[in-house]
Amino acid sequence: MLAIVLTPALLLVHWSLSLSYLLVYAAWGGATQCRGCKRLFARVGDYSKVVDVESGYETVTRHDEVRAKTGDFFDDIQGGKRVGTIVRQEQVHVTYTTRRHYYSCRHCDHTWTERKTTSS
Ligand SMILES: [Zn+2]
């Protein structure tokens, strides 16, 4: 016979999960709010067009593992094992794409646009 015991810890987990769903729900509602009639979850429209493309560089941190190779002086002790990590920074090429998104409201006739930039 299985019994689920709701301990205070479980209740807390459950409560914080519900809270995070609520936060996501509220954030999504706010993001899709109509600027005209102020209703939530009103945004419709998926059309967007590219208005700007720029290229640039970003610095990323790489962690390279250094492993003992066969034949190394200390192979018997650490062969194949990680003996260290080299942390280095690298410049990577990125493309910033700015799109203008066209939205409209499902309740009133308000329309608006938003610019969003993504990097890839
Ligand atoms: Zn509206």
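Overview of the structure. Because the structure is predicted, anything quoted here is derived from the model rather than measured. (Residues numbered from 1 in each chain as written. Predicted model: local features only at pLDDT ≥ 70, side-chain atom pairs only at ≥ 80, totals over all residues.)

Here the focus is the overall build of the protein chain. When helices and strands are counted, the protein chain shows two helices and four strands. Listed N to C, the secondary structure of the protein chain is α-β-β-α-β-β in terms of helices and strands. Relative to its full complement of 120 residues, the protein chain shows a buried share of 2%. Long-range contacts, defined here as pairs at least 24 residues apart, represent 55% of the contacts in the protein chain between residues at least 6 apart. (Helix = DSSP H or I, 4+ residues; strand = E, 2+ residues; numbered from the N terminus. Buried ≥ 20, exposed ≤ 12 C-beta atoms within 10 Å, placed from the backbone. Contact = placed C-beta atoms within 7 Å.)

As a further point, take unusual backbone geometry. Here the phi dihedral of Lys38 falls at roughly 65°; this positive angle occurs in a residue that is not glycine. Relative to the elements of secondary structure, Lys38 occurs in the loop between helix H1 (8–31) and strand E1 (43–44). Judged by C-beta crowding, with 12 C-beta atoms within 10 Å, Lys38 ranks as exposed. Notably, Phe41 is not glycine yet its phi reads approximately 55°, a positive angle. By secondary structure assignment, the location of Phe41 is in the loop between H1 and E1. For Phe41, a count of 15 C-beta atoms within 10 Å puts it in the partly exposed group.

All right, on to the environment of Cys108 then. Position of Cys108 relative to the elements: it lies in the loop between strand E3 (82–105) and strand E4 (111–119). Through-space distance from the C-alpha of Cys108 to that of Cys37 is 6.9 Å; in sequence the pair is 71 residues apart. Sequence-distant contacts of Cys108, defined by excluding residues within four places in its chain, comprise Cys34, Gly36 and Cys37.

All we've got here are geometric facts, nothing functional implied.
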